[in-house]
Amino acid sequence: MGGFNIDDALRYAGVRFPTAEDISAMARRGEKIREAAPARYVYRVFSLKDTEDGPQLSEAGLTLPGELAKQMLTGCQRAALIVCTLGAAFDFLLRAQEKRDMAEALLLDGCGSAAVEAGCDEAEREIAARFPGMYLTDRFSPGYGDLPLTLQPQILTALNAEKRLGVHAAPSCLLMPVKTVTALVGIASSPRPARIRGCDHCALRENCALRKGGNGCGLEK
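Here we summarise the structure given alongside this text. Treat the numbers as computed from the prediction; the structure is a model and nothing was measured. (Residues numbered from 1 in each chain as written. Predicted model: local features only at pLDDT ≥ 70, side-chain atom pairs only at ≥ 80, totals over all residues. Heavy atoms only, no water.)

1. Some remarks on the overall build of the protein chain
Counting its regular elements, the protein chain contains eight helices and eight strands. With 221 residues in all, the protein chain has 43% of them scored as buried. Residue pairs at least 24 apart in sequence account for 71% of intrachain contacts in the protein chain once pairs closer than 6 positions are excluded. About 11,000 Å² of surface is accessible on the protein chain, with carbon and sulfur atoms providing 50% of the total. (Helix = DSSP H or I, 4+ residues; strand = E, 2+ residues; numbered from the N terminus. Buried < 20%, exposed > 50% of the residue type's maximum accessible area, 1.4 Å probe, protein only. Contact = heavy atoms within 4.5 Å. Areas by Shrake-Rupley, 256 points an atom, 1.4 Å probe, with all protein chains shown as cover.)

Listed below in structure tokens is the structure:
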């Protein structure tokens, strides 16, 4: 897997004015994650069908309710489902660090968030390479806007993610291991609008330390 965005990692960890040492230390954490818990992903591309209840990923029999999915997938001929995770190895690293140093654990958590997002970016690049001349929408996930978290188990089933990645959904529909993201991206023959920004549209909103502290990451607008 490729690298991750250190600036994103620092923001997720709540470091607002990083020093050179902060940047260097976060890079070392990223290297530790790449060695011990590299991001892994699976994806599948489905044809899209418009239905009264929302866009449907035909081969999966998965219908996406709400206005956000309609907005993001309008004009798309296909859509890809992605699951990306750092796996149980990251959970082990994080729990061990929490026992030693909670402040360092928060920084490691932020680094993990950036690492799993980088894995999703890599999946998108692979999908784009399969469809030259086509355009991808921005990524969006259950929990964004009005797209319900209750879709998580169906997405995991459609990608056989429990067997392939060891990922499952808790009864609350939160994903385990903790640094796991499910996402959708539309594929169209013409350029798509830019993403809607803000906490309501962020894949990390449920586990975001910044939101819990009443702050933002600087990408809200």
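Resuming the write-up.
2. Quick look at unusual backbone geometry
With omega at 0°, the peptide bond leading from Met176 into Pro177 counts as cis. Within the fold, Pro177 resides in the loop between strand E7 (175-176) and strand E8 (180-188). At Asn160, a position not held by glycine, the phi torsion is positive, near 50°. Relative to the assigned elements, Asn160 resides in the loop between helix H6 (152-158) and helix H7 (161-165). A residue is classified by how much of its surface remains accessible, and Asn160, at 39% relative accessible area, is partly exposed. The backbone of Cys173 sits at a positive phi, close to 75°, despite the residue not being glycine. Classification of Cys173 by relative accessible area gives buried; the value is 10%.

3. Focus on the packing of helix H2 (residues 20-36) against helix H4 (residues 87-100)
Remark: H2 packs on H4, axes separated minimally by 9 Å, with the N-to-C direction vectors making an angle of 135°. Of the possible angle classes, the one that applies to H2 and H4 is oblique. The two elements H2 and H4 meet at a crossing, and its hand is right-handed. Counting all contacts with H2, which are made through Lys32, Ile33 and Ala36, the residues of H4 involved are Ala89, Phe90, Leu93 and Gln97. Its residues placed into classes, the contact of H2 with H4 shows five nonpolar, one polar and one charged. (Axes fitted to C-alpha atoms, helices over the stretch in contact; angles between N-to-C directions. Parallel < 35°, antiparallel > 145°, perpendicular 65-115°, else oblique. Left-handed = near helix turned anticlockwise from the far one by under 90°. Nonpolar A, V, L, I, M, F, W, Y, C, P; charged D, E, K, R; others polar.)

4. Comments concerning the side chain of Lys179
Note that Lys179 resides in the loop between E7 and E8. You can call Lys179 buried: its relative accessible area is 5%. Side chain to side chain, Lys179 and Asp109 meet in a polar contact 3.2 Å long. (Polar contact = N/O pair within 3.5 Å; in protein donor to acceptor, adjacent residues only side chain to side chain.)

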